[in-house]
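Residue strings, one per chain:
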Amino acid sequence: MHHSGSEDDGLVKAVSTNLAILRRARSLSQADLGEAAGISRNHYQLLESGAGASGGAANPRLSTLSALARTLEVDVTTLLQPPSAHAFWQWIDVHDEPSDDFRAALLDQLLTRSARELGGSGAAFVGWADGSMTVGIGVLASGSPAATIVGRAQVEAALTEVGLAHASTDEFEVDAGLDGLSDDGHI
């Protein structure tokens with residue numbers, strides 16, 4: 001079955017973008033991810049850049065994509081889908097209501113991280129009610145599993161930055177789009 005060049009280009013771009021997004025979320029170097037998946041650093045770098053060894057577009061084997069997906073703990077189809085904006089929500093148990101300054105610092109961290117993920121302005125939310133803090137962050141991902149990986153990594157890093165390391169819980173939700181999030185953190 002022959003695909004047009006633009007379809008192939010879109011698939012190559014999706015794979016290379018998803019590999020980069022997920023690798024960074026897993027805090028892996030290109031060499032570490034390549035080695036863990038059984039390919040060389042150079043081969044992995046070419047895949048992430050979308051280039052083939054002969055100078056054309058990357059054309060990875062299914063076995064290579066499967067090994068990379070397994071290493072990144074996602075399904076192969078996650079690597080093939082074009083990434084889009086997703087909202088990752090996480091609930092955190094806190095004993096005392098966080099101060100306005102603390103929430104502002106956390107919101108600033110989330111917005112900065114979201115802007116890097118989305119390649120433009122960020123989208124985030126920080127709220128508190130009844131002993132639970134709700135945080136939301138906009139991320140670029142190819143579906144819920146990828147958004148969960150990226151969102152958790154970004155929320156954990158933001159919490160660590162504001163001094164609330166290891167406070168996150170397993171209660172989370174992922175939605176396609178950025179509904180409920182804003183560029184100033186207020187609904």
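Residues numbered from 1 in each chain as written. Predicted model: local features only at pLDDT ≥ 70, side-chain atom pairs only at ≥ 80, totals over all residues. Heavy atoms only, no water.

S.K.: Could you clarify how one ought to interpret the packing of helix α2 (residues 30-37) against helix α3 (residues 41-49) in this entry?
M.R.: Any two packed helices are characterised by how steeply their axes cross, that is the angle between the axes, and by the distance between the axes. Between α2 and α3, whose axes approach to 8 Å, the crossing angle comes to 110 degrees. Taken together, the axes of α2 and α3 are roughly perpendicular relative to one another. Two secondary-structure elements touch here, α2 through Gln30, Ala31, Leu33 and Gly34 and α3 through Arg41, Tyr44, Gln45 and Glu48. Broken down by class, the residue content of the contact of α2 with α3 amounts to three nonpolar, three polar and two charged. (Axes fitted to C-alpha atoms, helices over the stretch in contact; angles between N-to-C directions. Helix = DSSP H or I, 4+ residues; strand = E, 2+ residues; numbered from the N terminus. Parallel < 35°, antiparallel > 145°, perpendicular 65-115°, else oblique. Contact = heavy atoms within 4.5 Å. Nonpolar A, V, L, I, M, F, W, Y, C, P; charged D, E, K, R; others polar.)

S.K.: What exactly am I supposed to notice about the sheet that holds strand β2 (residues 124-129) here?
M.R.: Two pairing modes exist for strands in a sheet, parallel and antiparallel, and in both the strands are linked by backbone hydrogen bonds. Read across the sheet, four strands follow the order β2-β3-β1-β4 without closing on themselves; strand pairing throughout is antiparallel. Each of the sheet's edge strands pairs with one partner strand only, and the pair in question is β2 and β4 (172-176). For this sheet, the mean inter-axis angle between neighbouring strands, taken without regard to orientation, is 20 degrees. (Pairing = 2+ DSSP bridges.)

S.K.: Teacher, can you tell me more about the environment of Ala69 here?
M.R.: Here Ala69 shows up in helix α4 (residues 62-72). Taking the C-alpha atoms as reference points, Ala69 and Leu79, 10 residues apart in sequence, are found 7.1 Å from one another. Not counting residues up to four positions away in its chain, the partners in contact with Ala69 are Val74, Asp75, Val76 and Leu79.

S.K.: Got a minute to help me understand the packing of α2 against α4 in this structure?
M.R.: Where α2 contacts α4, the two axes come as close as 8 Å, and the packing angle between them is 115 degrees. Judged by the inter-axis angle, α2 sits roughly perpendicular to α4. Two packed elements cross with a definite hand, and for α2 against α4 that hand is right-handed. Together, Leu33, Ala36 and Ala37 of α2 and Ala67, Leu68, Thr71 and Leu72 of α4 make up the contact between the two elements. (Left-handed = near helix turned anticlockwise from the far one by under 90°.)

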